[in-house]
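Secondary and tertiary structure notes
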Amino acid sequence: MKAVAVTAFGEQPQLMELSEPDPGPGEVLVRMSAAGVNPLDWKIADGLLKDTTQHSFPLVLGSDGAGEVVAVGTGVRRFTVGDSVFGQFQRPGRGGGSYGEFAAAEEKALAGAARTVTYATSAAVPTAGTTAYNLVEETRIGEGKRVLIVGATGGVGTFATQLAAGRGAEVIATARPGLADLMVSLGAAGTVDHTLGPVADQVLATHPDGVDVLLDLVSGPVEFGEMTRTVRDGGTAVSTVGSADADVLTDHNLRGFNFQNRPSPQLLEILAGQLDAGRLTVLFGHEAALEEAPEALELSRAGHAQGKLVITF
């Protein structure tokens with residue numbers, strides 16, 4: 001099969017001809033129709049997990065994907081051949097990922113795909129969608145809360161905007177002028193152009209009483225500390241990139257933490273239901289063919305992608 005993989009950490013991802021994987025006990029083999037691109041994909045290729053997780057090479061990249069079940073291993077009960085599924089396929093120890101014509105995954109990492117959208121739409125959801133959902137859950141966002149989302153136009157940000165607004169929160173989203181209307185259409189009550197000056201100053205100028213929750217998806221430690229100025233006394237500030245210092249936040253009477261995602265098949269099923277009900281929209285930034293996956297990864301690495309990057313087969 002054709003797949004995009006690396007032969008060692010730090011090597012350039014390339015299109016290769018590899019053997020089709022076999023599903024082991026509790027695993028499902030899927031003929032892939034689409035794969036979602038996430039920053040974690042190129043970080044794994046760079047060696048992010050080399051000290052904590054065993055890797056096998058060639059290492060097929062990619063976690064998120066969607067397609068049709070073509071074989072099941074022993075003990076699989078939730079899926080049969082012909083089922084449409086989506087979920088997470090990255091298994092470094094087996095050298096497997098979603099950037100291939102076929103991919104094996106643990107049964108517990110998959111759910112039935114949404115019925116009313118394309119495979120490309122489903123493939124864009126697993127990591128970003130579960131991250132956004134868990135962020136909203138863990139920060140107790142709901143009716144009457146004001147939320148500032150920094151990095152709102154990316155995959156996690158667009159989902160978090162929709163989910164928070166859907167729960168009745170007032171969302172302030174960072175966005176360049178060309179994307180402001182789009183973010184409002186996704187549920188944001190207002191936007192802040194981060195190119196015009198410090199975001200915290202802009203937010204406090206229009207909302208001097210601050211926000212209840214800060215979801216920062218992009219800032220480094222110094223910038224994150226600056227963003228926390230917008231959070232009301234007793235509010236919540238969360239970083240998805242490890243920039244929060246819990247002790248400092250406590251000193252300022254803020255609740256805060258560095259977020260770690262916990263995906264589950266039950267959560268994937270919830271998101272599939274929201275896609276089918278039309279309550280969740282996927283904002284596509286770029287679609288690429290499998291042979292263009294290395295270029296899509298570089299676009300993600302550069303940090304200029306808006307919405308979700310998806311590879312279609």
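First, a word on scope: everything that follows refers to the structure included in this document. The residue numbers shown here count from 1 along each chain, following its written sequence. At least 70 in pLDDT is required for a residue's local features to be given in this predicted model, at least 80 for side-chain atom pairs to be given and counted, and no such filter applies to totals for whole chains, interfaces and linings, which use all residues. Only hydrogens and water are removed before side-chain values are computed, so all heavy atoms of the structure are retained for them.

**With respect to the pairing of strand E1 (residues 2-6)**
For every residue, the accessible area obtained with a 1.4 Å probe (protein chains only) is divided by the maximum for its type, and the residue is called buried under 20%, exposed over 50%, and partly exposed between those limits. Counting from the N terminus, the helices are the DSSP runs of H or I reaching at least four residues and the strands are the DSSP runs of E reaching at least two. With four of five residues buried, E1 is to be regarded as a mostly interior element. Note on pairing: DSSP must find at least two bridges between two strands before they are called paired. By the bridge criterion, four bridges tie E1 to strand E2 (residues 14-17) in an arrangement that is antiparallel. Note that in E2 the partner of alanine 3 across the bridge is methionine 16. Two elements, E1 and strand E4 (residues 59-60), share two bridges in a ladder whose sense is antiparallel. Bridge pairing in E4 links alanine 5 to valine 60.

**Regarding the pattern of salt bridges**
Take a side-chain nitrogen of Lys or Arg and a carboxyl oxygen of Asp or Glu: if they are within 4 Å of each other, that pair is a salt bridge. For the coordinates displayed, the defined rule picks out 15 salt bridges. A salt bridge links arginine 301 to glutamate 298; its shortest N-O distance comes to 3.4 Å. Here the residue arginine 301 and the residue glutamate 298 both occupy positions in helix H10 (residues 293-302), the gap between them amounting to three residues, near one helical turn.

**Observations concerning helix H9 (residues 265-276)**
Helix span is expected to be 1.5 Å times the residue number reduced by one. Between the first and last C-alpha of H9 there are 16 Å, a value that for twelve residues agrees with the 16 Å anticipated at 1.5 Å per step. Here H9 has its buried residues at Pro265, Leu267, Leu268, Leu271, Ala272, Gln274 and Leu275. Those residues of H9 hidden inside the fold are in contact with strand E6 (84-88), strand E8 (110-112), helix H2 (119-123), helix H3 (126-138) and helix H4 (155-166). In what follows, residue pairs with any heavy atoms lying within 4.5 Å of each other are defined as contacts.

**A word on the packing of helix H1 (residues 39-46) against H10**
Closest axis-to-axis distance for the H1/H10 pair is 9 Å, and the angle between their directions is 100°. Judged on the interaxial angle alone, H10 and H1 are roughly perpendicular. Contacts between H1 and H10 involve Pro39, Asp41, Trp42 and Asp46 from the first element and Leu297, Ser300 and Arg301 from the second. Asp, Glu, Lys and Arg are counted as charged, while Ala, Val, Leu, Ile, Met, Phe, Trp, Tyr, Cys and Pro are counted as nonpolar; the rest, among them Gly, fall into the polar class. Split into classes, the residues belonging to the contact of H1 with H10 amount to three nonpolar, one polar and three charged. Each axis is a line fitted through C-alpha atoms, taken for helices only over the stretch in contact, and angles between the N-to-C directions span 0 to 180 degrees. Should an angle fall under 35 degrees it is taken as roughly parallel, and over 145 as roughly antiparallel, whereas 65 to 115 is taken as roughly perpendicular and any remaining angle as oblique.

**Quick notes on the nonpolar core**
Residues Phe86, Ile141, Ile149 and Leu215 are the most contacted members of the largest nonpolar core, which totals 45 residues. Listing elements by their share of this core, those giving two or more residues are H2, H3, strand E9 (146-150), H4, strand E10 (170-174), helix H5 (177-185), strand E12 (211-216) and H9. Ignoring sequence-local partners within four residues, the contact set of leucine 215 consists of Leu135, Thr139, Ile141, Val147, Leu148, Ile149, Val150 and Val238. Counting 26 residues, the second largest nonpolar core, distinct from the first, contains Val37, Leu59, Tyr99 and Ala104. To qualify as a nonpolar core, a set must consist of buried Ala, Val, Leu, Ile, Met, Phe, Trp, Tyr and Cys residues joined through side-chain atoms within 4.5 Å.

**Regarding the sheet that holds strand E13 (residues 231-239)**
Taken together, the six strands give an open sheet; going across it, the order is E11-E10-E9-E12-E13-E14, and neighbouring strands pair in parallel fashion. In the strand order of this sheet, the two ends are held by strand E11 (190-192) and strand E14 (255-258), each with one partner. Strand-to-strand twist of the sheet, defined as the mean angle between neighbouring strand axes without regard to direction, takes the value 20°. Alignment of E10 against E11, held across three bridges, turns out to be parallel. Considered in E11, the bridge of isoleucine 172 is made with glycine 190. Relative to E11, helix H6 (residues 199-206) is tilted by about 145°, and along the sheet it contacts E9, E10, E11 and E12.

**Topic: the packing of aromatic side chains**
By convention, a stacked pair of Phe, Tyr or Trp rings (six-membered ring in the case of Trp) has centres within 6.5 Å and planes under 30 degrees apart, an edge-to-face pair has planes over 60 apart, and any other such pair is tilted. Applying the stated criterion to the full structure yields one aromatic pair. Ring plane angle 85° and centroid distance 5.1 Å describe the contact between phenylalanine 9 and phenylalanine 57, whose orientation is recorded as edge-to-face. In this pair, phenylalanine 9 sits in the loop between E1 and E2 while phenylalanine 57 sits in the loop between H1 and E4, placing the two residues 48 residues apart along the sequence. Phenylalanine 9 gets classed as partly exposed once you look at its relative accessible area, which sits at 28%. In our convention, an over-ring charge means Lys NZ or Arg CZ found within 6 Å of a ring centre and within 35 degrees of that ring's normal. Positioned over the ring face of tyrosine 133 is arginine 167, at 5.4 Å from the centre of the ring.

**Considering H10**
Every α-helix winds through 3.6 residues per turn, so residues three or four apart in the chain are directed the same way. Those residues of H10 that sit buried are Ala293, Pro294, Ala296, Leu297 and Ser300. Projected onto a plane normal to the axis of H10, the buried residues spread over an arc of 160° and lie on a single side. Among the residues trailing H10, glycine 303 stands out with phi positive, at a value near 75°. Note: the arc covers the axis-to-C-beta directions of the helix.

**Looking at the sheet that holds E1**
Reading across the sheet, the three strands line up as E2-E1-E4 and stay open at both edges, with antiparallel pairing between neighbours. Both outer strands of the open sheet, E2 and E4, are each paired with one neighbouring strand and no more.

**Some points on the side chain of threonine 121**
Position of threonine 121 among the secondary structure elements: in helix H2. The class of threonine 121 is buried, set by a relative accessible area of 11%. Ignoring anything within four residues of it in the chain, the contact list for threonine 121 reads Leu275, Val282 and Phe284.

**A look at unusual backbone geometry**
Backbone torsion omega between phenylalanine 57 and proline 58 reads 0°, so that peptide bond is classified as cis. Mapped onto the elements of the fold, proline 58 is located in the loop between H1 and E4. With a phi close to 60°, arginine 140 is a non-glycine residue in the positive phi region. Position of arginine 140 among the secondary structure elements: in the loop between H3 and E9.

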